[in-house]
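Coordinate analysis (summary)
Below are the chains, spelled out letter by letter.
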Amino acid sequence: MKPRSFTHLCLLFLAFASISVLLPMTGSAAQQTQTAVINGADVITGSAIEGGLIIARTTPGSRVEIDGTAVPVSGTGLFLVGFHHQSDTPQTIRITSGDGGRHSTVVTPVQRDYDIQRIDGLEPKMVTPPEDVIKRIKSDSKAVREARTRIAPLGDFVDGFDWPVRGRISGVFGSQRILNGKPRAPHYGIDIAAPKGTAVLAPASGRVTLVMDLYYSGWTILMAHGLGLNSSFLHLDQVAVSTGETVQRGTLLGWVGSSGRSTGPHLDWRLDWQGRRLDAALIAGPMPQ
Ligand SMILES: [Zn+2]
């Protein structure tokens, strides 16, 4: 039995501290050390695993496609391959170099087990948001979707990410609740519990693409790191940057809080690439003590 302190802090539409206490989290980020092989490229870091991110370099001027869709490639040939939370089918990476050389690699991501909690017998009003907030939730999602498409020059995340905050991990990537038999969206973030007012620092350089107070996630900052990779920081108490700002690694972004639908102060940090949700904990590695 995990201690009660491991319960999830980042709630959906429920006011149910009591329920989360009854159902402690058991999931943990899978550790993966093997490095992928991509024909026509050198893998710098990462492996093919659900939630994982490969950083690789090919010949400058090459075109890289995953299952037929072109992905961003830097002027020096750097590109990313991210694997969604659920990716159980093989993916084909095709590289066409400037001189016409072609390489093809089929990768099948390692599958992970996620923490699934079934909660039945809830009153319908606890599971479905009221009509008047649904409109707000929809406009929030649209703003976030648009922000995720904004591009930024390549940042320094190739050297690794720093943890934006240090603290106890109170929620993991991929956990999911099934309420009254209806699966909710999986939790795509990593929750780090920290006192309200703790500084949140940019884990790598990039450009701020959204600063907004959203219904579920409260004060939220989105940041583009380059090559289509984005970070989000949720439930902030206050923010210290504005949309469009370019920030360096270690820049103060804001302060830990509990804004939006949250039961206690924590930072929910998320990473996404080309619509795929990645596990920030897997990519940042073990948190330094
Ligand atoms: Zn969370």
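Residues numbered from 1 in each chain as written. Predicted model: local features only at pLDDT ≥ 70, side-chain atom pairs only at ≥ 80, totals over all residues.

**Here's the deal with the overall build of the chain**
- Looking only at helices and strands, the chain has four helices and 20 strands in total.
- Relative to its full complement of 289 residues, the chain shows a buried share of 40%.
- Partitioning the contacts of the chain with sequence separation of at least 6, the portion at a separation of at least 24 is 65%. (Helix = DSSP H or I, 4+ residues; strand = E, 2+ residues; numbered from the N terminus. Buried ≥ 20, exposed ≤ 12 C-beta atoms within 10 Å, placed from the backbone. Contact = placed C-beta atoms within 7 Å.)

**Focus: unusual backbone geometry**
- With phi around 45°, Asp67 is a residue other than glycine that occupies positive phi space.
- Here Asp67 lies in the loop between strand 3 (63–66) and strand 4 (69–70).
- A count of 10 C-beta atoms within 10 Å places Asp67 in the exposed class.
- Although it is not a glycine, Leu227 sits at a positive phi angle of roughly 60°.
- The topology assignment puts Leu227 in the loop between strand 15 (218–226) and strand 16 (229–239).

**Let's talk about the nonpolar core**
- Of all hydrophobic cores here, the largest spans 58 residues; its most connected members are Leu80 and Ile221.
- Viewed by domain, this core spans two of them, domain 1 (41–107) and domain 2 (113–284), each represented by three or more residues.
- For Ile221, the residues in contact, after removing those within four places along its chain, are Val208, Leu210, Val211, Phe233, Leu236, Val239, Val241, Leu253 and Gly254. (Core = buried A, V, L, I, M, F, W, Y, C linked by C-beta atoms within 7 Å. Domains from an automatic or database assignment.)

**Focus: the environment of Gln248**
- Looking at the element boundaries, Gln248 is found in the loop between strand 17 (246–247) and strand 18 (252–256).
- Each residue touching Gln248, except ones within four places of it in the same chain, is listed here: Ala202 and Ser205.

**Looking at helix 3 (residues 131–148)**
- Over its 18 residues, helix 3 extends 27 Å from the first C-alpha to the last, a length consistent with the 26 Å expected when each residue adds 1.5 Å.
- Of all the 18 residues making up helix 3, one are buried; the element is thus mostly uncovered. (Expected span 1.5 Å × (residues − 1).)

**Digging into the confidence of the model for the chain**
- Looking at the chain as a whole, its pLDDT mean stands at 87, while 88% of the residues score no less than 70.
- Here residues 1–33 is a poorly scored stretch, pLDDT under 50, and it has 70 contacts once near neighbours within four places are set aside; other chains count. (pLDDT = per-residue confidence, 0-100.)

**Considering the pairing of strand 10 (residues 176–179)**
- Burial along strand 10 is one-sided: the residues Arg177 and Leu179 are buried and none of Gln176 and Ile178 is.
- Direction of pairing for strand 8 (residues 116–119) relative to strand 10: parallel, over a ladder of four bridges. From the neighbouring strand, Ile119 faces strand 10, where its bridge partner is Leu179.
- Here two bridges tie strand 10 to strand 11 (residues 182–183), and the two strands are oriented antiparallel to one another. The partner of Ile178 across the bridge, within strand 11, is Pro183.
- Between strand 10 and strand 11, which pair antiparallel in sequence order, lie two residues; one of them, Asn180, sits at a positive phi of approximately 50°. (Pairing = 2+ DSSP bridges.)

**Digging into the sheet that holds strand 11**
- Strand order in the open sheet formed by three strands is 8-10-11, with mixed pairing between adjacent strands. The strands lining the two open edges of the sheet, one partner per strand, are strand 8 and strand 11.

**Some words on the sheet that holds strand 1 (residues 41–45)**
- Taken in spatial order, the three strands of this open sheet run 1-2-5, and their pairing is antiparallel. Since the sheet does not close on itself, it has two edges, and those belong to strand 1 and strand 5 (78–82), each with one partner. If you compare each strand with its neighbour and ignore which way they point, the axes differ by 35° on average.
- Here four bridges tie strand 1 to strand 2 (residues 53–58), and the two strands are oriented antiparallel to one another. Following the sheet pairing, Val43 is matched in strand 2 by Ala56. (Axes fitted to C-alpha atoms, helices over the stretch in contact; angles between N-to-C directions.)

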